[in-house]
Structures are given as C-alpha cells and as structure tokens.
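Below are the chains, spelled out letter by letter.
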Amino acid sequence: MTKSSSRPPAGLPDPDTLLAFLREAGTAEKTDIARHFGLKGHERRMLREMIRELEAAGKLGKRGRKGFAEVGALPPVGVADVSERDTDGDLYVRLVEASEDAPRAVLVPDKTGKTGPAVGLGARVLAKFERGPDGWEARIIKVLDTDTNRVLGVIRKSNREVRVEPVDRRSKDVLFVPPAQAESLKDGDLVFASIEKGDHRYGPKRGKILEIIGREDDPRAASLIAIAANKVPMGFSEAVEKEAEDQELPSLKGREDLRDLPLITIDPADARDHDDAVYAMRDDDPKNPDGWVVWVAIADVAAYVRPGTNLDREARDKGNSTYFPDRVEPMLPERLSNGLCSLKEGENRACMAVRMVFDKGGRKTGHKFVRGLMRSHAKLSYEQAQSAIDGQPDDATGPIMDAILTPLWTAYHTMLKGRLKRSPLAIESPERRIRMTPDGQIASIEPRVSLEAHRLIEEMMIQANVCAAQTLEQKRTPLIYRIHETPSQEKTFNLADFLQTIGKPWDKGQAPTTKRLNALLDETRDGPHAEVVNEVVLRSQMQAIYSPDNIGHFGLNLDRYAHFTSPIRRYSDLIVHRGLIRALNLGKDGLTDREIVELPAIAEQVTQTERRSMAAERAAMDRYMAAFLSERVGATFTGRITGVTRFGLFIRLDETGADGLVPVSSLGGEYFHHDDKAHALVGERSGQRWTLGRNVEVKLQEATPITGGLVFEMLSDPAPRDPNAPAPRLGVRARSPGGNGFPKRGATRPGGPKPPKGGRGGKPSGGLKGVRKGKRK
C-alpha cells in the first residue's frame, strides 16, 4: 500500500491498528471508525483512502450496506442460519447477510457446558461468535424461528387411547401417547410433546410428553397457552433477581434536581408501574409570546440496567413486556419495574427528562435533555384527569387544577395545532378490554374509551421521542429508529382498485401521503362506506419495525422517530437512553462501542420480540373471547364483515369485538368467486354479494376456548347483484351447513382455492399493529 510506509497523522490509526479494532468490534462503518479514533476533516479523508487500500489488498471486506470487517472475520453477535451438518453430526451456521468470504462457524456449548436450545437445519438463530482453536465458533443466544417438532396440546383420554390435540387451530399434528406415559396423564392436561421420529405416512404420529404446564380448565389457561406457544420468556434467573435487589437509588451527584418541578403521572387506573411524568408552563421568554415549555420525564432505567450485566442480557432476550388480561410478563424484575424505576408519587426517582419549547402555533422551537432526580407530585388515572378537566375534580385533582392540569391541557391544545399541520394518519381502530375477577374469571368485555387525556399523553410522548432521535442525529450517535414505510405500490394499487368499486376516484400514479389518506377518511366518515374505507386504509399500511437505518415514520408523518418513553417495557428505549447518555456525556453507563456494532442485530431482535408479544397477546385475547362466549352457543349477534377470503367471511361482533368465521360452504348452494379487488364473495349464478364492512346478523355455532376459534352461521341475506359487474365464472362451491363447515374434497373447481389448513375461526391478516400512536405503541 502506498501510504502505509509513511507515519500517519495524529489520531489516524496505522493499518494494523485499524484491523485490530475491526477484529475486536467485528463490523463497523466508516463513521464508527472515525468516531472511535476521534478523526475529523482531513484525517477522515485519509481513513477512507486507507480503507480502500486495505480492500484492494484483500484484508478488508464489506459487511451489509455500509459496514466493514476484516476478511475472514465474523461479528461478535449476528443473525445466522443453521446451514449444514458434517459427518460427525456437528452443525454449522452462516451469517444471514454474509459476503462470499465470510466463514462458517460450528455450534458449540457455552462456557458453562450448556448447549442452549436445540435446533435443526434451516433454523435461524441469534448467535455469539468467537475465534476457536480450530476456527470460528458460534454459541446460540436465541432461536429466532419456530421449532416445528414441539407440539403444545391438551390431553384427551378414552378407554382405547390417549392423544395430544394441538391448541393451535392451524395444526393437524394429533399425537398418540405411548402407554408407558399415559398412566400419569389426566384428561385436560396442557402439555408440551415432541413428535417421535419415524415414517408417519401410513399411521398416526406418536408423541413423547416433554412437560405438563397446566390444566385447560385453569382460568389462566389462555395466557399460559399463549406464553408457551409463542415462547415468551417467563420469570427471571436467580442472578438477575439478585442484581435487581442489590440496586439502590442513585444520588443527586451528576444529576439536575427536578424535585420541585411539579411533574405528575397519568396512567391507566390499574397501572402498577409509572414510567413517564409530564408538566407544562407558559414560556417566560419574551421572544416566544404565548409559547409553552413542556417537560417529559422518563424513568432512568439505564442507571440500573447496565451493558453486559445479567439484567441487561435477560432484558434484551425478553425485548419487551408482554401484557395479558390476567397477568404481565415484564421485561424487568418487579424490584425495578414496580419499584426503583416506577415514578411513584412523593418518592425520589432517577429520570431522564427533556424540556421542550413550543411556539403559539404548536411548532417545537427547541429542546434539552437532562439527567435528573425527580419526585412525582400526583398519581392520576386518565379518567381522573379527564373528569377534572370536564369540571368534576376530586380530592386528588382539585388542589392541582390551576397549577398543573389546566396548564397541561392548554399546552396540549397548542401542540395540537402543530399535530394538525403535520397530519398524522387518523385511522380509527377501536380496542376491547377484558376485565377479570380476582379468581381469574372473565367479568366483562368492553370497548376501551378514548379520552382527550389519552391523546394529551400520546402527543407529549411522541414529541419526546422525536427529540431523542433529533439529538442523537445531531450528536452523530448511532441509534435504533422506529420506522414505518410508505405503503407499497401493490397495497396502494389494491386500495385504488377497491375505491373504484364504491365510486371513489384514486389516482394510482400519485404517491400516498397521510394528508391524502386522511382526506379520504374525512370524505367518507359520514357515509355508508365509512367503516369499510377505514378498514381498507388500515390494511394498506406496512408494519412498523426497529432499524438502525432511518427512513422516517409514515403513519406519524415524521422524518425521524425513536422510542424513548418506555424503557421499563421496551429494550429499544433503553438503547436510546444509553445513546443519549453517551452523546451528552451524562455518565459512564452510556452506549458502548460493542453495542453500536450490534445495533442491526439488536434492532432485528427487538422487532422479533415485539412480533412475538403481539402474537401471544392476540392469541390470549382470542381464547378469552371464546371462553366468554362458549356458554352462548346458539345465540344471535350483530357484527360486521372485517375480512373476505376465498374460504369464508370473518365477522367481528359488535358486543364483544370477538372475531370468528362464517365458512363459505355455509353461504348457499352455488359457487362463490372471491373478488379481491372489491373485497367481496360473489355468487356465480345469482351474482349476490358479501362485501367487506357490511353489517350482518349471525348465530354462534361453535366456540372452542382451547384454540380460540369461533364459527358462525350467517342469518342475514346477501346484497343483490351489482348491475355493473359481470358474474364470475369460477369460484368455491358452497353447501348446506354441517360437518366442519368447509368444502369437502373435490368441492373446488380446478385452480380454485383450498380451505385453510386445519382451519376454524381464524383472523384476517394485516393491520397497523405497532403503528398506532399510543404511548405504549
């Protein structure tokens, strides 16, 4: 290399030092390298030249889009696929985003001798890589896909046999239990079983019982099944519990004293932890007439959960807290989540706080982060705060009306002007809440009421999240963004095709924007198509994810956005806190160089854990709904068609919000064609239609709590033929209700659709989970 013989300028590493850094870091971008060595200006240009020369010499290779690594090296942590098995039975993994020169690594036990979770060929894992005496070694941190050999099911005993019926309604793996294990089992036991090896083509599959986890008649069964089926981590290790118990409240040293600032918490009435507090006051700066200063203080979780500790490792493995109607599986032990990190009224608490300034038009003109010590001046529920503002204060809210609550609401109404100009996506998506009795029974299922108090906290949290992303960008500190892509062309075209069927013009060539979609929602809000348009716009959205690369947040209509406001519940927020601590020199417990290198893997992992929790929460809700309705089989309900598929209609009940299926085979004696553009099932002979969004009356035929499945019979009549549309020629033959409600073998024409696998009462795909703007979203 032409430059290697000359002495590098101060700060610029020589090639060997640079390679040694990359060997330790695994992978790093040019900006990471420059930051590590403190390079600026001309030195950065010299660094780029050195990297090019090392690439040309075959000593440096690219990793991902922007990263570099020593040729033949692996990162400290990465996502990999189990790709091969050698003749000795050893498994090898390769990075998912590997270059051609990236080596394979053999799977080995950890240093305590534990082998970790069992995996097979094709599994995707998060692994730790180290150089071993015979090459690269990989130790599994987490399995990222589903183990297809394990079945969660319920024991069914008869005089002749004992079998395991899967709780997953999509599964067909009914297993037969060998007599040696059958005697200790009881009918209704919830078990994990493995599928025994062998040729099952000509007989029933046999299973081995691995674990009994509970009883199907346990009131908590729905949550237990959801936790087990989705592999949500439960509890904490002794080491983590001990670390949590050993934590103490930080002193005021190095912190700003915010204890006299009248911050308050506003949370659900049954909340056990309080991780955010707010306060607002008029700005006394004469240059900002009618402006407002808004404080948002967040629990300083980074003060207790430090990189590399047992607490940190288990928090990262969990990724986030998971919420069920009867329980919570928290990300942090109770000593922290409900103790030191909970902003309890009247108690000193460590916090990360942001002071935001807004002008009279609701535009944020500045902000500043501090690490402080605070004391909450009041603990309010949303209902309490809203009642006080509506003119019905109580003993807790009356004394703070003038000094705290009224300024908060006035500041929010000012911020609302900026929000309206920004025009975030305004999809209405009602939620239901299951209320439980102390003994674990379902007391009621009711809609969640949306109050202005919810929207106030939501907007203040959104602005605090924006401030975090802006600060880290300004300080050139890497972070994990919360990103939400613009709807894809395919989804946009599908939306346009549907709107044509209801007479709403939509230019496919014009890019979708939140303002354009909001205008559509406003135009149809009071018309007959309001609900279906809202549903179709919702399904046109992409899912929000975490990423170290920023593309903005479409739904919120923000250029940059990060999660900062819930570090008790989300590991992504803890990473952002650590980034702020590092960027602003607020302590020694900030983001480490190793974490910066691992940000892509962390972002992928917390996205996966969020998906896992969402699936578990949804599955538990389905099962609780089915249990609640199981005593009302035969009753009639009103509802709305929320999904139209080739195999039937998904119905959401008005009363409970429960979702179930009307199989296409029960709709009548003719073929039905699935018109995906119109979101309709259309009778081939009659042309009669079942369309998305239509209000209908149904009878509950089946409710299966163990799977969460609901099957309905349609009582309403279909809509008449569309005079402007020809009848379809191919479709699915319907028949009279009976059996399992699905077409018999041969009931579909060639090329026609098949019934869903195993299917009873599933749910339509799609939705905006993780996009809606609540403070916990």
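The structure this text deals with has already been given above.
Residues numbered from 1 in each chain as written. Predicted model: local features only at pLDDT ≥ 70, side-chain atom pairs only at ≥ 80, totals over all residues. Heavy atoms only, no water.

Structural notes on the overall build of the chain
Selection criterion: To qualify as a helix, a DSSP run of H or I must reach at least 4 residues; to qualify as a strand, a run of E must reach at least 2; elements of each kind are numbered from the N terminus. Between buried and exposed lies partly exposed: a residue is buried under 20% and exposed over 50% of the maximum accessible area for its type, with that area taken using a 1.4 Å probe on protein chains only. It only takes one pair of heavy atoms within 4.5 Å for two residues to be counted as in contact. Per-residue and other accessible areas were derived by the Shrake-Rupley procedure at a 1.4 Å probe size, with only the shown protein chains allowed to occlude residues.
Scanning the chain from terminus to terminus reveals 16 helices and 35 strands. Counting only residues that meet the buried cut, the chain has 51% of its 777 residues in that class. Within the chain, contacts between residues at least 6 apart in sequence are counted, and of these 68% link residues at least 24 apart. When the accessible surface of the chain is totalled, it reaches about 36300 Å², and 47% of it is carbon and sulfur.

Let's talk about empty space enclosed by the protein
To keep things clear, this is the line we draw: Cavity: a set of points on a 1 Å grid over the protein atoms alone where a 1.4 Å probe fits but cannot get out. Pocket: an open set with protein on both sides within 12 Å along at least five of seven lines, its lining residues, like those of a cavity, having an atom within 4 Å of a point. Grid points are joined across faces, edges and corners, and a volume is the space filled by probe spheres set on the points. All residues other than Ala, Val, Leu, Ile, Met, Phe, Trp, Tyr, Cys, Pro, Asp, Glu, Lys and Arg, Gly among them, are scored as polar; the first ten of these are nonpolar and the last four charged.
This model, assessed by the stated rule, comprises three cavities of 30 Å³ or more. If you add up the space inside the largest cavity, you get close to 70 Å³. Around the largest cavity, the lining residues are Phe21, Asp32, Arg35, His36, Arg582, Asp593, Ile596 and Val597. Among the secondary structure elements, those contributing two or more residues to the lining of the largest cavity are α2 (30-37) and α16 (593-629). Across the lining of the largest cavity, the residue classes break down as three nonpolar, one polar and four charged.

As for the side chain of Ser376
Basically, it comes down to this: Contacts described as polar in this section are N or O atom pairs within 3.5 Å, which, within protein, must combine one atom able to donate a hydrogen with one able to accept it, while residues neighboring in sequence count only if both atoms come from side chains.
Tracing the chain through its elements places Ser376 in the loop between β21 (364-375) and β22 (379-381). Ser376 gets classed as buried once you look at its relative accessible area, which sits at 3%. Of note is the side chain of Ser376, whose polar atom sits 3.1 Å from the backbone oxygen of Ala378. Look past the residues within four positions of Ser376 in its chain and what remains in contact with it is Leu263, Ile264, Thr265, Leu343, Lys344, Glu345, Gly346 and Glu347.

Some details on the packing of aromatic side chains
What counts is decided by this rule: Only rings of Phe, Tyr and Trp enter the pairing, Trp through its six-membered ring, and a pair is recorded when the two centres are within 6.5 Å. The plane angle decides the type: under 30 degrees is stacked, over 60 is edge-to-face, the rest tilted. Note on geometry: a ring has a charge over it if NZ (lysine) or CZ (arginine) is within 6 Å of the ring centre and within 35 degrees of the ring normal.
Applying the stated criterion across every chain, the model contains three aromatic pairs. Between Phe21 and Phe37 the ring centres are 5.6 Å apart and the planes differ by 70 degrees, which places this aromatic pair in the edge-to-face class. Of this pair, Phe21 sits in helix α1 (residues 15-25) while Phe37 sits in helix α2, placing them 16 residues apart in sequence. Pairing Phe369 with Phe564 gives two aromatic rings, centres 5.4 Å apart and planes at 80 degrees, and the pair type is edge-to-face. Of the two residues, Phe369 sits in strand β21 while Phe564 sits in the loop between β26 (545-547) and α15 (571-583), which places them 195 residues apart along the sequence. When the ring centre of Tyr546 is taken as reference, the NZ or CZ atom of Arg482 above it lies at 4.6 Å. For the cation-ring pair, Lys508 lies above Phe493, with the distance from its terminal atom to the ring centre recorded as 5.0 Å.

As for unusual backbone geometry
One non-glycine residue, Lys231, lies in the positive phi region at around 55 degrees. For Lys231, the position within the fold is in the loop between α5 (221-229) and α6 (238-245). For Asn585, which is not a glycine, the phi torsion comes out positive at approximately 55 degrees. Given the relative accessible area of 68%, Asn585 is considered exposed.

Quick look at the pattern of salt bridges
It is possible for side chains of opposite charge to pair when their charged atoms get near one another. Filter applied, for reference: Salt bridges are identified by distance alone: a Lys or Arg side-chain nitrogen within 4 Å of an Asp or Glu carboxyl oxygen.
Under the criterion given, the structure shown has 44 salt bridges. Where Asp189 meets Arg215, a salt bridge forms, and the shortest distance between an N and an O atom there is 2.9 Å. Of this pair, Asp189 sits in strand β12 (residues 189-195) while Arg215 sits in strand β13 (residues 205-215); the two residues are 26 residues apart in sequence, bridging distant segments of the chain. Judged by relative accessible area, which is 6%, Asp189 ranks as buried. What makes Arg215 partly exposed here is its relative accessible area of 29%. When the shortest N-O distance is used, the salt bridge between Arg371 and Asp300 registers 2.7 Å. Here Arg371, found in strand β21, pairs with Asp300, found in the loop between β17 (292-299) and α7 (310-318); they are 71 residues apart in sequence, far enough to count as distant. The same class applies to Arg371 and to Asp300, which are both buried. In this structure, a network of salt bridges that share partners links the residues Arg156, Glu161, Arg163, Glu165 and Glu216.

Some thoughts on the sheet that holds strand β11 (residues 175-176)
Definition in use: At least two DSSP bridges between two strands are required for those strands to pair.
Spatial strand order, β9-β10-β11-β13-β12: five strands in a closed barrel with mixed pairing. Note that β11 and β13 share two bridges and pair parallel. Note on β13: the bridge partner recorded for Phe176 is Arg206.

Section: the pairing of strand β20 (residues 348-358)
Within β20, nine of the 11 residues are buried, leaving the element largely enclosed by the surrounding structure. Relative to β20, β17 runs antiparallel, the two sharing eight bridges. Following the sheet pairing, Ile298 is matched in β20 by Met352. As consecutive antiparallel partners, β20 and β21 are separated by five residues, and within that stretch Gly362 has a phi angle of approximately 85 degrees, a positive value.

Quick notes on the nonpolar core
Operational definition: Buried Ala, Val, Leu, Ile, Met, Phe, Trp, Tyr and Cys residues form a nonpolar core when they are joined through side-chain atoms within 4.5 Å.
The biggest cluster of nonpolar side chains holds 90 residues, and the ones touching the most others in it are Val296 and Met460. Among the elements that take part in this core, helix α11 (residues 452-474) stands out by supplying 10 residues, more than any other. Judged by nonpolar contacts, the second largest core, of 45 residues, contains Leu499, Leu538, Val662 and Leu692.

Observations regarding α15
The condition is simple: In this analysis, the expected span of each helix is defined as 1.5 Å times one less than the number of residues it contains.
In a regular helix each residue adds 1.5 Å, so 13 residues correspond to 18 Å; α15 covers 18 Å between its end C-alpha atoms and thus fits that length. For α15, the tally of buried residues reaches 12 of 13 residues, placing the bulk of the element in the interior. Of all the residues in α15, the buried ones are Tyr571, Ser572, Asp573, Leu574, Ile575, Val576, His577, Arg578, Gly579, Leu580, Ile581 and Ala583. A positive phi of about 55 degrees marks Asn585, the residue just after α15.

Observations concerning the pairing of strand β31 (residues 680-683)
What you see with β31 is no split at all: Ala680 and Val682 on one side and Leu681 and Gly683 on the other are buried throughout. As paired elements, strand β30 (residues 671-675) and β31 share four bridges and run antiparallel to each other. Counted as the bridge partner of Phe672 is Gly683 from β31. Between the end of β30 and the start of β31, which pair antiparallel, lie four residues, with His679 showing a positive phi angle near 50 degrees. Bridge analysis of β31 against strand β32 (residues 689-691) gives three bridges, and the strand direction is antiparallel. Across the sheet, Ala680 pairs through a bridge with Thr691, a residue of β32. Turn length for the β31-β32 hairpin, with the two strands adjacent in sequence and antiparallel, is five residues, and the turn residue Gly687 shows positive phi of about 75 degrees.

Considerations on α2
Those residues of α2 lying buried are Asp32, Ile33, Ala34 and Phe37. Backbone geometry just downstream of α2 places Gly38 in the positive-phi region, at approximately 70 degrees.

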